[in-house]
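Commentary on secondary and tertiary structure
Here's the letter readout for the chains.
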Protein chains: 2
Amino acid sequence: MHKREAFTRDENCLADYMKALGHPARIAILKAIAEKKSCICGDLVVALPLAQSTVSQHVKELKEAGLVKGTVDGPRSCYCIDPEAMARLEGSFGKFCASIVQKCC
Amino acid sequence: MHKREAFTRDENCLADYMKALGHPARIAILKAIAEKKSCICGDLVVALPLAQSTVSQHVKELKEAGLVKGTVDGPRSCYCIDPEAMARLEGSFGKFCASIVQKCC
DNA sequence: ATCGTATATCGCAAATATACGATAATATTC
DNA sequence: GAATATTATCGTATATTTGCGATATACGAT
C-alpha cells in the first residue's frame, strides 16, 4: 500500500533516511552511541526506557538504514556510528533543504 | 504505544520533523510546491500519482509539521513553503549530524 | 557438558499510517 | 437559487510500526 514505485529513487532514498530518524528512540540511540564512541547493546538498554527486544529492533532499523555499524564482540554486540554515512546524509539533506528554500522564494 | 513522554523534547521534535519527511510523497510534494513557488492543490494532484484525498492528507501533515503554509484563494487552496521553517530544520539537523559525527570519532 | 550472560528473533496485540471513494463544505458562475 | 468546480473531511480497508514477553542463539566461564 506504500506506492514506492511511483516516486523517484532519490525521493524514496531520502524518505527512507528520514523514516529511520522518525522516532525519538532512534534519535536517542544515535546520540547514546556517539556519546560513548562505541556502545554495547546492554548500555543502550540501560540508557533507554524501553525493553531489550525493543531497543534491539530500533538498532536494527538504524543498521538497515546504514547509519550504524555493528560488530560482534564475544557474547556482546558493539555498535558504532558510520560517520561517512552520517556526513553524506547531512550533506544531501542540506542540499535538499537549500534547494527548496532557494526555489520557493 | 508511542512512548513520547519517555524522551526529551528535542528528541521528539526532531523525530517529528523527520517523520513528516519520511514518505516519498511528502518529499515530492515539497519539491513540487517549491518548484511553482506557490501551488494550488489541483496542481499537486495532477503532479502526483495519488488520489486527491490522499494528496490532501499528505499536505495536511506537512502543514502540521509547519513546513508548509496554506491560504485559501476562492474555491482553491494555495500552498507555499515556509522558508524560515525549512531553514531552521536544515540548521538543527545539520547541528545534530555534526554533533554525532564529531563525538563518534 | 552445563550454566549464566548478552543479544537477536519470533509471535502477538495495539496503535498508526496509507490509500481511496464518498460525501461535505465552500466559492464561483450561470 | 441551481449547477459546477475545488478542496477538506469522513469512513473504511489494509499495511506497517511499535512494544513487549518468550524463546532461540551464541559465547564465556565453571
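In what follows, the structure referred to is the one given above.
This one's a predicted model, so the numbers in the text were calculated from it and none came from an experiment.

Thoughts on the state of the cysteines
Residues and elements named next belong to chain B. For the structure shown, the criterion picks out 0 disulfides over all chains. Unpaired in this structure, Cys39 has its nearest cysteine sulfur neighbour in Cys78, at a distance of 7.7 Å. A residue is classified by how much of its surface remains accessible, and Cys39, at 2% relative accessible area, is buried. Here Cys41 stays free of any disulfide, with the sulfur of Cys39 as its closest cysteine sulfur at 8.5 Å. When its relative accessible area of 15% is taken as the criterion, Cys41 is described as buried.

Comments concerning the interface of chain B and chain A
Listed as interface residues are 41 residues of chain B and, on the opposing side, 41 residues of chain A. Contact between chain B and chain A buries roughly 3,900 Å² in total, counting both sides, with carbon and sulfur atoms accounting for 77%. In this structure, the connection of chain B to chain A is made through 4 salt bridges. Here A:Glu35 ties to B:Lys103 by a salt bridge, and the two come within 3.5 Å at their closest N and O atoms. Inspection of the chain B/chain A interface yields 6 residue pairs in polar contact (both at pLDDT 80 or more). Within the residue set of the side of chain B that touches chain A, elements represented by two or more residues are α1 (9–20), α2 (24–35) and α5 (83–104) of chain B. Element by element, the count of residues in the side of chain B that touches chain A is highest for α5(B), at 14 residues. Residue classes in the side of chain B that touches chain A are distributed as 28 nonpolar, 5 polar and 8 charged.

Considering the pattern of salt bridges
Residue and element names in this part refer to chain A. A full pass over the atoms with the stated rule returns 10 salt bridges over all chains. The partner of Asp16 in a salt bridge is Arg4, and the shortest N-O contact between them spans 2.4 Å. Within this pair, whereas Asp16 is found in helix α1 (residues 9–20), its partner Arg4 is found in the segment before α1, the two being separated by 12 residues in sequence. With relative accessibility at 34%, the residue Arg4 sits in the partly exposed group.

As for the sheet that holds strand β2 (residues 68–73) of chain B
Residue and element names in this part refer to chain B. Judged by pairing direction, the sheet is antiparallel, and its 3 strands sit side by side in the order β1-β3-β2 without closing on themselves. Of all strands in the sheet, those bounded by a partner on one side alone are β1 (39–40) and β2. Relative to strand β3 (residues 76–81), β2 runs antiparallel, the two being bridged by 6 bridges. Following the sheet pairing, Asp73 is matched in β3 by Arg76.

Brief notes about the relation of the copies chain B and chain A
Between the two copies, chain B and chain A, the superposition gives an RMSD of 0.0 Å; the rotation angle is 180 degrees and the shift along the axis is 0.0 Å. Both chain copies can therefore be described as sitting about a two-fold axis. Judged by C-alpha distance, B:Met18 is the residue of chain B that lies nearest the rotation axis, at 2.4 Å. Of all interface residues in chain B, 100% are interface residues in chain A too; the two copies therefore contact each other through one and the same surface.

Some points on α1(B)
Counted at 1.5 Å a residue, the expected span for α1(B) with its 12 residues is 16 Å, and the 17 Å between its end C-alpha atoms agrees. Taken together, the buried positions of α1(B) are occupied by B:Glu11, B:Asn12, B:Leu14, B:Ala15, B:Tyr17, B:Met18 and B:Ala20. Residues of α1(B) that are buried sit in contact with α1, α2 (24–36) and α5 (83–104) of chain A together with α2, α4 (52–65) and α5 of chain B.

With respect to the packing of α1(B) against α5(B)
All names here are of chain B. The N-to-C vectors of α1 and α5 enclose an angle of 115 degrees; their axes lie 11 Å apart at closest approach. Crossing angle aside, the handedness with which α1 passes α5 is left-handed. From α1, Leu14, Tyr17 and Met18 reach across to α5, where they touch Leu89, Phe93 and Phe96. A per-class count over the contact of α1 with α5 returns 6 nonpolar, no polar and no charged.

Criteria and cut-off values
Residues numbered from 1 in each chain as written. Chains lettered and ligands numbered in written order. Predicted model: local features only at pLDDT ≥ 70, side-chain atom pairs only at ≥ 80, totals over all residues. Heavy atoms only, no water. Disulfide = S-S within 2.5 Å. Buried < 20%, exposed > 50% of the residue type's maximum accessible area, 1.4 Å probe, protein only. Contact = heavy atoms within 4.5 Å. Buried area = accessible area lost by both parts, 1.4 Å probe. Salt bridge = Lys/Arg side-chain N within 4 Å of Asp/Glu carboxyl O. Polar contact = N/O pair within 3.5 Å; in protein donor to acceptor, adjacent residues only side chain to side chain. Helix = DSSP H or I, 4+ residues; strand = E, 2+ residues; numbered from the N terminus. Nonpolar A, V, L, I, M, F, W, Y, C, P; charged D, E, K, R; others polar. Pairing = 2+ DSSP bridges. Least-squares fit on C-alpha atoms with pLDDT ≥ 70 in both. Expected span 1.5 Å × (residues − 1). Axes fitted to C-alpha atoms, helices over the stretch in contact; angles between N-to-C directions. Left-handed = near helix turned anticlockwise from the far one by under 90°.

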